[in-house]
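Structure assessment
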Amino acid sequence: MELTIHQTSIPVDSLSQQESLREHITKRTASAGREDVEDPFYVVDLGRLIELYQDWVTAMPSVTPFYAVKCNEDPALLKTLAALGTGFDCASKHEMSVVLDLGVPPERVVYANPCKQTSHIQYAAQRGVKMMSFDNTAELHKTHKHFPTAELMLRIKADAPDCVGKPGFKFGCTTAEGKQLLDTAKALGLNVIGVSFHVGSRCQTPSAYEVALKVAAELFDYGAKIGYQFSLLDIGGGFPGQAGSRDMFHSVASAINQTLASLFSPEAHPGVRFIAEPGRYFACSTHTIVVNIISKRSCDIVEGGEGPKFMYYINGGIYGSFNCVLNDRAAPVPIPVKEVDAIVHQSRLWGVTCAGRDKICDALLPEFEVGDWLCFEDMGAYTISSATCFNGFPKAAPYYYVRENTIDQFKQVHEQ
Ligand SMILES: Cc1ncc(COP(=O)(O)O)c(C=O)c1O
């Protein structure tokens, strides 16, 4: 099946309900026409994206998702989200241009990088991307000079205790600093329209959003005291994305709904719009990466008899999509594509580069041969977007599919 999306043709396979993804991958590994038949690739479920969007809208109807482009800027994923009507969280000139060039109006883009290069602020001004975050005085002075009509969001610190990367060490202000920054913005005549936060990626603590919303409410009140009437609350990202994380998402959504109802009721804060910046939520489970075993070593001769029995070398690695092992606390699980033996052995998977540290994981696996394929699910978030081509190995190419039960929705979404 081939669908036309915004005048661009994206080939999309359709999978019956009965066909397993492994069967589909097996067909694709055998399919002619690929330049190098051993190259790693992604299979990307665009129908799942629609289901995730619908689940979001049902779970948090008052919060509009602005997809965090940094998580994965796959063009078909962006086009599908754009057609569904999400907004976009961009961190740079490049990300803004990618999204705006798809025809997304600038009102649906938020430039959510608190520390911005001046030329990128000028680009936002030229393209009409007005909403942007700030968390320090230097940003206020830059904005005053280069984009005085920008619509600013004060970014507060809000790290969840369990999040990856602790963004609060780098970004966000405390409540006291926030009040001072609002005073400075007011004195400069800048248009602050609200508050934003990001609890950090992989948050598993629904109460982190409640804590942050309380601080946001206090700053809304302070803003009103000094003459602002805020109209935007941006609750950032951090929503879980793995296929098995639906319950956690619903717990987070329910905590947010309850806190918004109690602290940001329409009576207390009339006309306030709520947005969020989910990245992982949309990208993670849509992507399965498929890699080839390009070499193998039997380790019977390892001294002391400890360690893996087999070592496999696959054509992915920590400098490519598996950088998530280092950067994102990910623990990818290898799944054999072909039917396998029940007997398993302690095994080690090494990445494709010549770097000694390019190790992916240890796992109990059946014995494989060179040329066999492995796949890893939940590989769409912070994988290909932060992958390099170190040692000259190209990034895995995407192949798109939709399940039979989502084809009609997929067509409708893109034909609107
Ligand atoms: C400001 C901001 N918003 C949103 C996100 C997306 O986070 P996630 O992918 O966990 O939803 C990030 C990612 O780090 C971020 O820095």
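Our structure's up above, just so we're on the same page.
Quick look at the structure, then. Note that this is a predicted model, so its numbers are computed, not measured. (Residues numbered from 1 in each chain as written. Predicted model: local features only at pLDDT ≥ 70, side-chain atom pairs only at ≥ 80, totals over all residues. Heavy atoms only, no water.)

Some remarks on the overall build of the protein
When helices and strands are tallied, the protein shows twelve helices and 18 strands. For 416 residues, the compact-globule estimate of 2.2 N^0.38 gives 22 Å, and the C-alpha radius of gyration of the protein, at 23 Å, lies within 12% of that figure. The dimensions of the protein, computed from C-alpha atoms along their principal axes, are 75 × 55 × 40 Å. For the protein, buried positions account for 55% of its 416 residues. Accessible surface, the protein: about 17,700 Å² in total, of which carbon and sulfur atoms supply 52%. Each charge class in the protein can be summarised by its mean position, and for the 37 positive and 47 negative side chains these summaries are 6 Å apart. (Helix = DSSP H or I, 4+ residues; strand = E, 2+ residues; numbered from the N terminus. Rg over C-alpha atoms; globule rule 2.2 N^0.38 Å. Buried < 20%, exposed > 50% of the residue type's maximum accessible area, 1.4 Å probe, protein only. Areas by Shrake-Rupley, 256 points an atom, 1.4 Å probe, with all protein chains shown as cover. Lys, Arg positive; Asp, Glu negative; His and termini not counted. Charge placed at Lys NZ, Arg CZ, Asp CG, Glu CD.)

A few points about the packing of aromatic side chains
Within the structure shown, the criterion is met by 19 aromatic pairs. Relative to F230, the ring of F220 has its centre 5.2 Å away and its plane inclined at 85°; by these criteria the two rings are edge-to-face. You can see F220 sitting in helix 8 (residues 207-225) and its partner F230 sitting in the loop between helix 8 and strand 10 (232-234), a full ten residues away along the chain. Side by side, F220 and F230 carry an identical accessibility label, which is buried. One cation-aromatic arrangement involves K116 over Y111; the distance from NZ or CZ to the ring centre is 5.7 Å. Between the NZ or CZ atom of K296 and the centre of the ring of F310, over which it lies, the distance is 4.9 Å. (Phe/Tyr/Trp six-rings, centres within 6.5 Å; stacked < 30°, edge-to-face > 60°. Lys NZ or Arg CZ within 6 Å of the ring centre and 35° of its normal.)

Description of the site of the ligand
As a structural note, the neighbourhood of the ligand is formed by 14 residues, with S201, G238, E277, R280 and Y382 the closest of them. In the environment of the ligand, an oxygen atom lies 3.4 Å from a nitrogen or oxygen atom belonging to the side chain of H198. Considering the ligand on its own, with 400 Å² of exposed area, one finds that the protein chains cover 88% of that surface. For the shell around the ligand, the class distribution of residues is four nonpolar, five polar and five charged. (Near = heavy atom within 4 Å. Polar contact = N/O pair within 3.5 Å; in protein donor to acceptor, adjacent residues only side chain to side chain. Nonpolar A, V, L, I, M, F, W, Y, C, P; charged D, E, K, R; others polar.)

Remarks on the nonpolar core
Ranked by size, the top nonpolar core spans 111 residues in total, and within it Y67, F88, L233 and F239 carry the most contacts. For this core, the leading source of residues is helix 8, giving ten residues. No fewer than three residues from each of domain 1 (2-45 + 284-402) and domain 2 (46-283) sit in this core. Ignoring anything within four residues of it in the chain, the contact list for F239 reads W56, M60, Y209, F249, V252, I256, A276, P278, R280 and Y281. If you look at the next biggest cluster of nonpolar residues, it comprises ten residues, including L15, V43, C375 and Y401. (Core = buried A, V, L, I, M, F, W, Y, C linked by side-chain atoms within 4.5 Å. Domains from an automatic or database assignment. Contact = heavy atoms within 4.5 Å.)

A word on the environment of A363
Checked against the element boundaries, A363 lands in strand 16 (residues 359-365). Overall, the relative accessible area of 14% leaves A363 in the buried class. A sequence separation of 15 residues divides A363 from R348, and the C-alpha atoms of the two residues are 6.3 Å apart.

Describing the pairing of strand 17 (residues 373-376)
Every second residue of strand 17 is oriented toward a common face, with W373 and C375 on one face and L374 and F376 on the other, all of them buried. One ladder, built from four bridges, connects strand 12 (residues 287-298) with strand 17; its direction is antiparallel. Note on strand 17: the bridge partner recorded for I289 is F376. (Pairing = 2+ DSSP bridges.)

A closer look at the sheet that holds strand 8 (residues 151-156)
The sheet built from eight strands closes into a barrel, its strands ordered 4-5-6-7-8-9-10-11 with parallel pairing. Neighbouring strand axes in the sheet, compared pairwise and without regard to direction, differ in orientation by 30° on average. Bridging between strand 6 (residues 109-111) and strand 7 (residues 131-134) involves two bridges; their strand directions are parallel. Bridge pairing links V110 to M131 in strand 7. (Axes fitted to C-alpha atoms, helices over the stretch in contact; angles between N-to-C directions.)

Regarding helix 4 (residues 93-100)
Buried within helix 4 we find E95, M96, S97, V99 and L100. Buried-residue contacts for helix 4 involve strand 5 (87-90), strand 6 and helix 5 (118-127).

Topic: the environment of D39
One can find D39 in the loop between helix 1 (21-30) and strand 3 (41-45). With 131 residues separating them in the primary sequence, D39 and K170 have C-alpha atoms 38 Å apart.

Looking at helix 8
The end-to-end C-alpha distance of helix 8, which contains 19 residues, comes to 28 Å, matching closely the 27 Å that a straight helix rising 1.5 Å per residue would cover. Taken residue by residue, helix 8 has A208, Y209, A212, L213, V215, A216, A217, L219, F220, Y222 and G223 as its buried positions. Where helix 8 is buried, its residues contact strand 8, helix 7 (175-187), strand 9 (191-197), strand 10 and helix 9 (246-263). One or two residues past the end of helix 8 sits G227, with phi positive at roughly 105°. (Expected span 1.5 Å × (residues − 1).)

Keep in mind these numbers describe shape, not what the thing actually does.
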